[in-house]
Structure formats: structure tokens, C-alpha cells
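Topology and contacts: notes
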Amino acid sequence: MYFIDTHTHLSMIETETLEVIKMAESENIRQFINIGTNFEDHPTVLATAQKFFPKVFCTLGVHPHDAKDFHKAESFMMQNLKHKEVLAVGEIGLDYYYLNSEAATQRDVFRRQLQIAVEHNLPIEIHTRDAEADTIAILQEFKGKVRGLIHCFTGTQHLADQALDLGLNISISGVVTFKSAEALRDVVRNTPIDRIHIETDAPFLAPMPHRGKKNQPAFMIETAKKVAELKQVSLEDLAKQVQKNTAKLFTKIVFL
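Residues numbered from 1 in each chain as written. Predicted model: local features only at pLDDT ≥ 70, side-chain atom pairs only at ≥ 80, totals over all residues. Heavy atoms only, no water.

Some words on unusual backbone geometry
Omega for the peptide link from Gly90 to Glu91 comes to 15°, which places this bond in the cis form. Positive phi outside glycine occurs at Asp130, with the angle close to 55°. One non-glycine residue, Leu205, lies in the positive phi region at around 60°. Relative to the helices and strands, Leu205 resides in the loop between β8 (196-198) and α8 (220-231). (Helix = DSSP H or I, 4+ residues; strand = E, 2+ residues; numbered from the N terminus.)

Side note on the nonpolar core
Counting residues in hydrophobic clusters, the biggest one holds 70 residues, and the most contacted among them are Phe3, Val89, Leu114, Ile124, Phe153 and Ile172. For Leu114, the contacting residues outside a window of four places in its chain are Ile92, Ile124, Ile138, Leu139, Phe142 and Val146. With nine residues, the next largest nonpolar core counts Ile33, Ala88, Leu249 and Ile253 among its residues. (Core = buried A, V, L, I, M, F, W, Y, C linked by side-chain atoms within 4.5 Å. Buried < 20%, exposed > 50% of the residue type's maximum accessible area, 1.4 Å probe, protein only. Contact = heavy atoms within 4.5 Å.)

So, the environment of Ile170
Structurally, the position occupied by Ile170 is in strand β7 (residues 169-172). The exposure class of Ile170 is buried, given its relative accessible area of 1%. Along the chain, Ile170 and Ala160 lie ten residues apart, while their C-alpha atoms are 7.3 Å from each other. Beyond its immediate sequence surroundings of up to four residues, Ile170 is in contact with Ile150, Phe153, Ala160, Ala163, Leu164, Thr191, Arg195, Ile196 and His197.

Structure (C-alpha cells):
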């Protein structure tokens, strides 16, 4: 039995990557999808995956914060998405909370990256914050063409229902353990277990009882325990199901 961290930022964790992996392995988290966010981190994200393959895989994509600089990343993405270590296009989407890039630019770049995913037959990892309506509307344009997940899901039941209807999965982070997250726990209860993934989004959003610390993939076991409790299954059965979900979605993955 082991778990896969579906969304982590290994290059942002201050601890050396090999040590991060060893700590996670002690908690039965043995594989990791290292997320690309912009033209600056793509070479490092890919190099880390190549160094630690098949324990570490990666994605290449431009986060909505950096949509204004998408043109700097597109060529690298197009040249490197073919590599065996690259499982998905991500982290892509919309973020209207900070608006580090203009909303119109975010929407254009989101659509372009969805098209890239279609062209390369790769799944997507989606970031959405304060942008549910536009996220759903754009994804509906690609209904039946893209597969993927909404990472670090903290949205409404409506967003979850719409995502599931569009064929997307839901990825749960340590937020599900927070005292204030009862609405998210209800979403987990209502989501079919074969559509769920688990992630850390490390070094962000450490779960209880580690809240306030820099997150680590090792801490994901606490999130897994909470999801297993909510779905009323054993930790081992959850691990097996999540691995099946991962195999179905990320078709390039190689299990240990």
C-alpha cells in the first residue's frame, strides 16, 4: 500500500529533495507529481523528475498568476511535454483573487493550454480561485475533449458537480482537515471515491496537526486519513482506489 502525492512543488520546499522523498516514504507516500507553474521553474521541475524518475513525475503549465508571461513558456512546453516524466499540462486555470495577470489574459491562456493538452493527449491540473463561473464556462467549451482534475479543491458543491459532469476529478489537500472546512468535507462525502485524488500542494496548506508549518509530502498521510474517514473505507482500500484513479487519469504514469 502506498499513496501518490498528485500535486506538490518540490522545488519550493527548502529541504533537499532526496530527504523530502525519504520522509514521505516513511509515511507510505512514494510517488510525487511535481508541478510546473511558469517559464522560470519548468527546467528545474523537469530536471527533478528526470533525476528521480519513476518516483517523481512532473507537469508543465503556466499558472494564472503568470499568464501574462505565457509566451515565454510555450516553446519549452511544446518541446518537452512528450517526455515520459511529464504526465500533464498544469498548473493552469483562473485566479481572480489576486489578478496578478489580467482576467482576459488568464482566460485566453487557459484556453490555449487546454488546446495544448488536447493536442498532446494529456490530462490537466486546474487551479481556480474566485473564478468558478468562468472556469466552468471555459471547460464546457472543451467538454469531452479534456480530462483532468481540479487541484486543491476548495470550491462549492456546484463547482464539484459541474466538474464531475464534465468528466473531471477532484483532488483534496490538507484543507479538508481544517476545522472551518465542513463544506469541503461534505463535497468529499458527496464525491464518488473513484473520482478522488489526494495531494499536498506543498509547501503550502499543511494539514492538521501540522498547520502553520511548511507543508511536506510526508504530511499527506493526515489528509489521506481524513478522506478515508469521510468515505468510510480503510486507509489501505483508499490507497488502492486512489492508485486506480491515478492510473486511469495519468496514463503515462509508471508505478513502483
